[in-house]
Amino acid sequence: MFSEEGVTTLTHKEQTSSLPTDSSLLPECPGHHLLEVMPTESGSCSTARQAKQKRKSHSLSIRRTNSSEQERTGLPREMLEGQDSKLPSSVRSTLLELFGQIEREFENLYIENLELRREIETLNERLTAEGQAIDGAELSKGQLKTKASHSTSQLSQKLKTTYKASTSKIVSSFKTTTSRAVCQLVKEYIGHRDGIWDVSVARTQPVVLGTASADHTALLWSIETGRCLVKYTGHVGSVNSIKFHPSEQLALTASGDQTAHIWRYAVQLPTPQPVADTSQQICGEDEVECSDKDEPDVDGDVSSDCPTIRVPLTSLKSHQGVVIAADWLVGGQQVVTASWDRAANLYDVQTAELVHSLTGHDQELTHCCTHPTQRLVVTSSRDTTFRLWDFRDPSIHSVNVFQGHTDTVTSAVFTVGDNVVSGSDDRTVKVWDLKNMRSPIATIRTDSAINRINVCVGQKIIALPHDNRQVRLFDMSGVRLARLPRSSRQGHRRMVCCSAWSEDHPVCNLFTCGFDRQAIGWNINIPALLQEK
């Protein structure tokens, strides 16, 4: 390996195995031509030029030199043997073996890199050909540059989204170790015999919890004790929605029997019982998976001993399909209903007459919501849009269409001010400014479809119920705050359908319901939650 002058001389096989296989990285031979790196017997420049010209018309062929382990490490080993080293021979052998492994890894990476580069070139050629086929003429350099720039911007956006999602998961894992008693499960409301579609909290005293279920009933509950207070059985179909009058003890329910009912209730709250301490539960990402079969058992009808209301005060019957949602307009003199017949109807409460039929959606409606202080209505639909209906001017009923989702808009709700929050089956939640409807001011991307959302008005916290049994909390700017705890012992065991805030209640300020036939009352320590933000 060494001459008398100490100059290193290599065999042809050793030269080719130690050089990179990419011709663009090779030094020029004395004839100012590139040396072809192939494990052949001849190494002349003319032969290399012929091989190179032949390779231009064919695909790149990458061949690894089949050198033995002894040949691969022979040079470094003899070099070390020729040096005055104080390392033991066993240590030197180990080092040589490790360096050989490192070299092989780098060689593999280098070969993979070449393969990827070749695939990229092939894809670029294919994209160019497709562009020519679409345009029917040869693309100019400017057009190609525009298309490439567009593709690059799309790739950049995808990388940013992936990076944000990854960093969000990392930050959430740190939050798990620092949260202390932020989200506590306080009470479970068990009594329905089928899934619960909707949950709502009364806005007048006494404050009760209302649930609407696929078992054709609506139940009113004591928030503190979890006891059923009133059972409504006036519908002959699934009860899909329940909302309370802003100032009276009236409830509005929507049903699959194509009607909406208004019924009056009178309740007397029982004596509150001590609430179990669940302070050990925290918000985090760690959970214990549980089977869908682990649902609350209802041996007897827990609502059988509570008063039953069978006849409504008013029945609204103008729809030709399932009434999926209903809500009171500000003041409680009118109500709006949303149906699968693609229309939303506005009714007068006193006369039960149809005032307006709001048409325009291309597919079934999924939800409707009214503004707390203004005569505004927002309707959601399976046509991927939601519409804002303005009744503030009696002579002009304007409508605005919001297009920003790619799948069914499951709900859209108002917040204080000029914002609307929409949730969709496309796994996103978007925050909109009513003054600028062209694009959302914030977008929340999640890992599961989103059902009926609700916003904490005072603190502007959005509660997201998911198809994957999770409930997550975000602020209006899209920052994730917490995930409600769920394990084999607590939390929802099936799809979570709805969420509802009651921020002034001292025991429970957030309620959720799902298709595991139960509603859950939570206590969210909002100051601590915002402090950890």
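Residue positions are given per chain, counting from 1 as you read along its sequence in written order. Reporting in this predicted model follows two pLDDT cut-offs: at least 70 for local features of residues, and 80 or more for side-chain atom pairs to be given and counted; totals over whole chains, interfaces and linings ignore these cut-offs and use all residues. Just so you know, side-chain values use all the structure's heavy atoms and leave hydrogens and water out.

1. Some thoughts on the UniProt feature "repeat: WD" (unreviewed entry) in the protein
Next, step 1: Feature annotation in UniProt places "repeat: WD" (unreviewed entry) on residues 189–231, 232–263, 316–357, 358–399 and 402–442, given in this structure's numbering.
Next, step 2: Segments assigned H or I by DSSP are reported as helices when at least four residues long, segments assigned E as strands when at least two residues long, and all are numbered from the N terminus. Secondary structure content for residues 232–263 is 0% helix and 53% strand, and the end C-alpha separation is 9 Å. UniProt positions are given in the numbering used here, feature names are shortened, and annotations may be inferred rather than shown by experiment.

2. Details of the pairing of strand S3 (residues 209–213)
Next, step 1: Accessibility here uses a 1.4 Å probe with only protein chains present; expressed as a share of the type maximum, an area under 20% marks a residue as buried, one over 50% as exposed, and anything in between as partly exposed. Most of S3 is tucked away, with 5 of its 5 residues classed as buried.
Next, step 2: Of the two faces of S3, both are covered, the one formed by Leu209, Thr211 and Ser213 as well as the one formed by Gly210 and Ala212.
Next, step 3: Two strands qualify as a pair provided that DSSP identifies no fewer than 2 bridges between them. Note that S3 and strand S4 (residues 218–221) share 4 bridges and pair antiparallel. Across the sheet, the residue bridging to leucine 209 is tryptophan 221, located in S4.

3. Some thoughts on the packing of aromatic side chains
Next, step 1: Only centres within 6.5 Å qualify two rings of Phe, Tyr or Trp (six-membered ring in Trp) as a pair; their planes then separate them into stacked at under 30 degrees, edge-to-face at over 60, and tilted for everything else. For the coordinates displayed, the defined rule picks out 9 aromatic pairs.
Next, step 2: Seen from their ring centres, tryptophan 263 and tyrosine 265 are 6.4 Å apart, and the 65° between their planes marks the pair as edge-to-face. For the pair shown, tryptophan 263 and tyrosine 265 are each scored as buried.
Next, step 3: Their ring planes at 80° and their centres at 5.5 Å tell us that phenylalanine 402 and tryptophan 432 sit as a pair that is edge-to-face.

4. Some words on the pairing of strand S7 (residues 250–255)
Next, step 1: Extensive coverage of S7 is indicated by the burial of 6 of its 6 residues.
Next, step 2: Judged by which residues are buried, S7 turns out to be covered on both faces: Leu250, Leu252 and Ala254 on one side and Ala251, Thr253 and Ser255 on the other are all buried.
Next, step 3: Here strand S6 (residues 239–244) runs beside S7; their pairing, made up of 5 bridges, is antiparallel. Bridge pairing in S7 places isoleucine 242 opposite threonine 253.
Next, step 4: Following S6, the chain reverses through 5 residues before pairing antiparallel with S7.
Next, step 5: The sheet contact formed by S7 and strand S8 (residues 260–264) spans 5 bridges and is antiparallel. Among the inter-strand pairings, alanine 254 is bridged to a residue of S8, identified as alanine 260.
Next, step 6: With antiparallel pairing between neighbouring strands as the criterion, S7 and S8 make up a hairpin whose turn holds 4 residues, including glutamine 258 at a positive phi of roughly 70°.

5. Focus: unusual backbone geometry
Next, step 1: Cis rather than trans, the peptide bond between glutamine 205 and proline 206 has omega equal to -5°.
Next, step 2: Assignment of secondary structure puts proline 206 in the loop between strand S2 (196–201) and S3.
Next, step 3: If you check the backbone angles, arginine 427 has positive phi at about 70° while not being a glycine.
Next, step 4: Its place among the elements puts arginine 427 in the loop between strand S20 (419–424) and strand S21 (428–433).
Next, step 5: Exposure remark for arginine 427: the relative accessible area of 44% places this residue in the partly exposed category.
Next, step 6: At arginine 469, a residue that is not glycine, the phi angle is positive and equals roughly 80°.
Next, step 7: Its relative accessible area of 17% is what places arginine 469 among the buried residues.

6. Quick look at empty space enclosed by the protein
Next, step 1: Cavity means a closed set of points on a 1 Å grid over the protein atoms alone, one where a 1.4 Å probe fits but cannot get out, pocket means an open set with protein on both sides within 12 Å along at least 5 of 7 lines, and lining means a residue has an atom within 4 Å of a point. Grid points are joined across faces, edges and corners, and a volume is the space filled by probe spheres set on the points. Per the stated rule, a full pass over the model turns up 1 cavity of 30 Å³ or more.
Next, step 2: Residues belonging to the lining of the largest cavity are distributed by class as follows: 4 nonpolar, 3 polar and 2 charged. Residues were grouped as follows: Ala, Val, Leu, Ile, Met, Phe, Trp, Tyr, Cys and Pro as nonpolar; Asp, Glu, Lys and Arg as charged; and all remaining residues, including Gly, as polar.

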